[in-house]
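Here's the letter readout for the chains.
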Amino acid sequence: MSDECELIVLRYDTPSLERLRSNSFGYVSANGRPLVDLLDPQPGERVLDLGCGTGVMTAEIALRGAEVLGIDGSPAMIEKALAQHPGIDFIVGDGHDFTVVQAYDAVFSNAALHWMSRDPGTVIANVREALAPGGRFVAEMGGAGNCAELTAAMLTAWREYGLREPDLPWYFPTPAEYAQRLEREGFVVRLLEYFDRTTPLDECPGGAADWVRMYAASVLDGLPPDIVDPLLRRVNELAAPALRRESGWMADYVRLRFAAVRR
Ligand SMILES: C[S@@+](CC[C@H](N)C(=O)[O-])C[C@H]1O[C@@H](n2cnc3c(N)ncnc32)[C@H](O)[C@@H]1O
């Protein structure tokens with residue numbers, strides 16, 4: 001994949017950077033900006049954005065003058081990223097299985113590492129190999145207890161309907177566990193934060209049920225179609241006492257944010 005990467009990657013040119021600026025592609029959510037600040041990308045630095053999605057954060061990093069490559073496992077995401085951010089390099093790649101030809105100064109990742117749940121140690125090892133010695137790994141992901149109320153409601157509803165416990169697709173480590181993994185894979189942890197971020201589910205007017213359909217769709221695979229609606233209505237009933245406010249539904253997000261340096 002790395003050879004392909006070098007073939008596909010185009011260097012920045014000034015007009016494309018200007019186009020980015022003029023199109024205001026530098027918008028990042030209020031939640032994302034502090035992470036880019038923590039990364040503190042410098043002009044000319046080589047930064048890899050792992051699990052870049054549609055490239056919103058990648059574009060913010062590019063705006064700060066870094067030479068950035070976005071990698072994501074979803075071809076559909078990469079297609080959107082390329083369409084929305086002309087002039088930035090994006091490529092399809094899996095966090096469990098990527099290599100680079102030329103080392104990066106930093107690897108950045110927002111809201112993506114918890115999806116790379118098959119083998120988190122391999123993902124960290126791949127990040128290490130992508131970095132030059134002294135390179136930074138700056139990321140935010142779901143931490144232990146993330147979506148605990150949402151998932152408890154799911155598990156109870158599944159049980160009540162006599163269904164096998166769903167395989168949840170995420171990896172939400174404790175700070176101690178992730179720090180240990182980072183150290184084991186050759187990083188020095190310079191900062192590690194673990195905090196609640198209760199977040200309005202603005203994009204889920206149907207509450208927890210919508211959230212399951214949007215973020216945990218794989219757990220619905222293979223269920224009898226006629227069971228899905230009542231099952232998710234039950235998820236809503238169970239989750240409502242903890243997560244439904246007068247202002248709308250909230251998600252009980254818990255985040256792990258860290259900055260580590262390759263030894
Ligand atoms: C919640 S999105 C975050 C996107 C982006 N970082 C942002 O902050 O807007 C998570 C992304 O991780 C990607 N992803 C999940 N598993 C992956 C894997 N194994 N390798 C690479 N990307 C992956 C998904 O395709 C998705 O685009």
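Whatever comes next refers back to the structure up there.
Anyway, here's the lowdown on the structure attached to this text.

### Examining the site of the ligand
So, point 1. The environment of the ligand is formed by 17 residues, the closest being Gly 51, Asp 72, Asp 94, Gly 95 and Asn 110.
So, point 2. For the ligand, an oxygen atom lies 2.6 Å from a polar atom in the side chain of Asp 72.
So, point 3. A distance of 2.9 Å separates a nitrogen atom of the ligand from a polar atom in the backbone of Gly 95.
So, point 4. A total of 590 Å² of accessible area belongs to the ligand in isolation, and the protein chains cover 77% of it.
So, point 5. Each residue belonging to the shell around the ligand can be placed in one class, and the counts come to seven nonpolar, eight polar and two charged.

### With respect to the pattern of salt bridges
So, point 1. What the rule picks out here adds up to 14 salt bridges.
So, point 2. Residue Arg 136 is joined to Glu 45 by a salt bridge in which the shortest nitrogen-to-oxygen separation is 2.7 Å. One end of the pair, Arg 136, is in strand E5 (residues 131–142); the other, Glu 45, is in the loop between helix H3 (33–39) and strand E1 (46–50), and 91 residues separate them in sequence.
So, point 3. Notably, a salt bridge pairs Arg 257 with Glu 193, separated by 3.4 Å at the nearest N-O pair.

Cut-offs and rules
Residues numbered from 1 in each chain as written. Predicted model: local features only at pLDDT ≥ 70, side-chain atom pairs only at ≥ 80, totals over all residues. Heavy atoms only, no water. Near = heavy atom within 4 Å. Polar contact = N/O pair within 3.5 Å; in protein donor to acceptor, adjacent residues only side chain to side chain. Areas by Shrake-Rupley, 256 points an atom, 1.4 Å probe, with all protein chains shown as cover. Nonpolar A, V, L, I, M, F, W, Y, C, P; charged D, E, K, R; others polar. Salt bridge = Lys/Arg side-chain N within 4 Å of Asp/Glu carboxyl O. Helix = DSSP H or I, 4+ residues; strand = E, 2+ residues; numbered from the N terminus.

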